[in-house]
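Each chain, written out:
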Amino acid sequence: MYKISLSILAVCFCLVLGSCKKSFLDINQNPNQATESSITPDLTLAAQLSATANRNASSWDFLNRWLGYWSASGGYSRATQEMSYAIPNTFGEGIWNNIYYTVNQYKTMERKAEELDWKFYQGISKIMQAHEVGVLVDLYGNVPFSTAWDLSGNIRPSYDDAETIYKALIPMIDEGLALIKAADGSDRNIATQDIMFEGDKTNWAKFANTLKLRFLIHTSNTNTFNVQEEIAKIQAEGSGFLGEGLGAMVQPGYSADKRNPYFNAHLFLQNGNEADDYNRANNFVLDLMKNMNDERYKRFYRPAAATGEFRGTSYGQDPVDENAGNRTSGIGYGPVPTATSPMWIMTSVEAMFLRAEAVIRGWLPGDPQAAYNAAVTESFEYLNVPNAETEAAEYLAGLNPRVAWPTTGAMQDQIAVLAWQKYFALNGIQANETWTDIRRLGIVNPPLSVAPERGTNTIPVRLLYPSGEYFYNSQNVNEQGTISQFTSKIFWDK
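## Quick notes on the overall build of the protein
Argument step 1. Counting its secondary structure elements, the protein contains 20 helices and six strands.
Argument step 2. Here the C-alpha radius of gyration of the protein, 23 Å, is about what a compact globule of 494 residues would show, namely 23 Å.
Argument step 3. Over its C-alpha atoms, taken along the principal directions, the protein stretches across nearly 70 × 50 × 50 Å.
Argument step 4. When burial is assessed residue by residue, the protein has 57% of its 494 residues classed as buried.
Argument step 5. Summarising the internal contacts of the protein: among those between residues at least 6 apart in sequence, 77% fall at separations of at least 24.
Argument step 6. Working note: accessible area of the protein is about 20,000 Å², and carbon and sulfur atoms make up 49% of it.

Take a look at the structure:
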């Protein structure tokens, strides 16, 4: 998946070297060369928001396959490490490196914004750091945090407790939102360089509140937060949440030759060739959705090129010609309809399901069934299902226990049906959040790989620390003890 192995130290050391003063060598200086002092926040924000969104384009492909959404074309040999779940420390380490690098860029932007007193940029950087670090903790648990980006004082950063990090994220979001609200209009080019909300303070508040709700929902089986207190703060702020057609979507100006990264990775290239003939529909989800008369499967997947049928494969099976790419269903147009469509950081669909779960748990006011119905309907509309509202209503009126609202009135029964519908709705969109829900709730049980190499292995509950950490930061990573992808759970996984 990722061939370049770098640790936090290796990534950030390059940044340190790049910023060192070398005046004794500066005989000739290029006035057009960018330096940290010359790169202002308005020149970096769009790139970093794009980097955060781009991670959702292909970084979670392995999770889409592990969790029953996607499988592999019969035209490829088995990926035995991934399909057996016997992953090494190099597996997925590009995600670790990418997140640490991106947070470092946001931190640099924050420092520069503070110097310039550009509060809007400073606030955005804090909120986005919280988003990035939250993703990191959900994958790895304890990670370097408090000293991770201070190489001058901590060249080998210590690891912080995962729950302690989570507790620091909501105050970070609150600080960011306060800065945005205090912005006085002096933040240069904020309306054009904020490629997510175009400098709209209310929408940033909605995103901040929804991100906080995500963290509260993740920790619903723990005592990490005083939920009532945090919900009261969100309600007092008053801006509400994302949803009803509003997601955290970036649009840097995708065009025919600068295409949406998801479309370019999984649908079609600029030359018209299929971009991804490896990832195919997984029989598990495809068959479930067909049997439930769930029209969304026609948006999550495309018909097989050779037959026009919707047909999948089983994850881990032997490669055979009848399951070749042109005979099976590829990734559909629902998540990204065109090459110029915006790319998501958080969809309105996820936001609506977070709100619905909060209503079911009694955290937010409202009718639980109405909130659930609204979240499912949002999924149909987001995917551009024809006659979406009507199709959603007919679907919700069905009797299948994975969709029908339970008559028992028990919260756990309501959470169960919501978990299934959120699972379907995030197909190919936000598999890392699906993985979190599967671990914390234990309701959806995706099929295990049928690869013979799997043996008795089960779907991992976390990723392993990257090999670079054991090379560059061995003392601190070894203090975390022996880590198993099968038993070393994230703190909220109860």
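Structure's up, so let's keep going.
## Re the packing of aromatic side chains
Argument step 1. Here the structure, examined in full by the defined rule, presents 30 aromatic pairs.
Argument step 2. Aromatic side chains Trp118 and Tyr121 sit 5.6 Å apart centroid to centroid with 35° between the ring planes, which places their arrangement in the tilted category. Across this residue pair, the class does not change: Trp118 and Tyr121 are buried.
Argument step 3. An aromatic cluster of at least three residues, connected via ring pairs, comprises Trp96, Tyr100, Tyr140, Phe145, Trp149, Tyr159 and Tyr465.
Argument step 4. For Arg439, the ring lying beneath its charged end belongs to Trp435, and the centroid distance is 3.9 Å.

## With respect to the packing of helix α5 (residues 93-116) against helix α6 (residues 119-140)
Argument step 1. Here α5 crosses α6 at 160°, and the two axes come no closer than 9 Å. Relative to α6, the element α5 is oriented roughly antiparallel. Viewed along their axes, α5 and α6 form a crossing whose handedness is left-handed.
Argument step 2. Grouping the constituent residues of the contact of α5 with α6 by class yields 15 nonpolar, four polar and six charged.

## Quick word on the layout of surface pockets
Argument step 1. Considering only enclosed or pocket space, the second largest pocket measures out at about 270 Å³ in volume.
Argument step 2. Of the residues belonging to the lining of the second largest pocket, the class tally is nine nonpolar, three polar and four charged.

## Description of the confidence of the model for the protein
Argument step 1. The share of residues in the protein with pLDDT of 70 or more is 92%, and the mean pLDDT across the chain is 93.
Argument step 2. Note on residues 1-6: pLDDT under 50 across the span, and 17 contacts to partners over four residues away in sequence or across chains.
Argument step 3. Across residues 12-34, confidence stays below pLDDT 50; counting only partners more than four residues off in sequence or on other chains, it has eleven contacts.

## Points about the nonpolar core
Argument step 1. Core analysis: the largest hydrophobic core is formed by 148 residues, its most contacted members being Leu49, Trp66, Met196, Trp204 and Phe207.
Argument step 2. By residue number, the principal contributor to this core is α6, which donates twelve residues.
Argument step 3. Residues in contact with Met196, not counting those within four places in the same chain, are Leu49, Met128, Trp204, Phe207, Ala248, Met249, Val250 and Ile345.

## Focus: the pattern of salt bridges
Argument step 1. On inspection of all chains with the given rule, the structure shows 25 salt bridges.
Argument step 2. Close ionic contact of Lys112 with Glu115 constitutes a salt bridge, the shortest N to O distance being 3.7 Å. Pair noted here: Lys112 and Glu115 are both in helix α5, with a separation of three residues, about one helical turn.
Argument step 3. By relative accessible area, Lys112 is classed as buried at 16%.

## Things to note about helix α17 (residues 411-425)
Argument step 1. A rise of 1.5 Å per residue sets the reference length of α17, with its 15 residues, at 21 Å; its end C-alpha atoms lie 21 Å apart and thus fit the reference within 8%.
Argument step 2. Here α17 lies mainly inside the structure; eleven of its 15 residues are buried.
Argument step 3. Among the residues of α17, Gln414, Ile415, Val417, Leu418, Ala419, Trp420, Gln421, Lys422, Tyr423, Phe424 and Ala425 are the ones counted as buried.
Argument step 4. Buried residues along α17 sit against α12 (283-291), α13 (297-300), α14 (348-360), α15 (368-382), α16 (388-396) and α18 (431-441).

## Re the environment of Leu67
Argument step 1. Mapped onto the elements of the fold, Leu67 is located in the loop between α3 (61-66) and β1 (70-72).
Argument step 2. If we skip the residues at most four places from it in the chain, Leu67 touches Tyr423, Ala431, Thr434, Trp435, Ile438, Pro446 and Ile459.

## Things to note about helix α7 (residues 162-182)
Argument step 1. Under the 1.5 Å per step criterion, the end-to-end length of α7 is 31 Å for 21 residues, consistent within 8% with the ideal 30 Å.
Argument step 2. Regarding α7, the residues found buried are Ala162, Ile165, Tyr166, Leu169, Ile170, Met172, Ile173, Gly176, Leu177, Leu179 and Ile180.
Argument step 3. Structurally, α7 contributes buried residues whose contacts are with α6, β2 (143-144), β3 (159-160), α9 (201-218) and α10 (227-237).

## Thoughts on unusual backbone geometry
Most peptide bonds adopt trans geometry, and most residues besides glycine take a negative phi value.
Argument step 1. Of note, Asp117 is a non-glycine position whose phi angle comes to about 60°, a positive value.
Argument step 2. Tracing the sequence through the fold places Asp117 in the loop between α5 and α6.
Argument step 3. Positive phi values are uncommon outside glycine, yet Asn384 reaches one of about 60°.
Argument step 4. Tracing the chain through its elements places Asn384 in the loop between α15 and α16.
Argument step 5. Using a relative accessible area of 45% as the deciding quantity, one classes Asn384 as partly exposed.

## Digging into the side chain of Asp61
Argument step 1. Of note, Asp61 is situated in helix α3.
Argument step 2. Although Asp61 is buried, it makes no salt bridge; Arg65 carries the closest opposite charge, 4.5 Å away.
Argument step 3. A polar contact is formed between the side chain of Asp61 and the side chain of His266, at a distance of 3.3 Å.

Calculation rules
Residues numbered from 1 in each chain as written. Predicted model: local features only at pLDDT ≥ 70, side-chain atom pairs only at ≥ 80, totals over all residues. Heavy atoms only, no water. Helix = DSSP H or I, 4+ residues; strand = E, 2+ residues; numbered from the N terminus. Rg over C-alpha atoms; globule rule 2.2 N^0.38 Å. Buried < 20%, exposed > 50% of the residue type's maximum accessible area, 1.4 Å probe, protein only. Contact = heavy atoms within 4.5 Å. Areas by Shrake-Rupley, 256 points an atom, 1.4 Å probe, with all protein chains shown as cover. Phe/Tyr/Trp six-rings, centres within 6.5 Å; stacked < 30°, edge-to-face > 60°. Lys NZ or Arg CZ within 6 Å of the ring centre and 35° of its normal. Axes fitted to C-alpha atoms, helices over the stretch in contact; angles between N-to-C directions. Parallel < 35°, antiparallel > 145°, perpendicular 65-115°, else oblique. Left-handed = near helix turned anticlockwise from the far one by under 90°. Nonpolar A, V, L, I, M, F, W, Y, C, P; charged D, E, K, R; others polar. 1 Å grid on protein atoms, 1.4 Å probe; cavity = no way out; pocket = protein on both sides within 12 Å on 5 of 7 lines; lining within 4 Å. Points joined across faces, edges and corners; volume = space filled by probe spheres on them. pLDDT = per-residue confidence, 0-100. Core = buried A, V, L, I, M, F, W, Y, C linked by side-chain atoms within 4.5 Å. Salt bridge = Lys/Arg side-chain N within 4 Å of Asp/Glu carboxyl O. Expected span 1.5 Å × (residues − 1). Lys, Arg positive; Asp, Glu negative; His and termini not counted. Polar contact = N/O pair within 3.5 Å; in protein donor to acceptor, adjacent residues only side chain to side chain.

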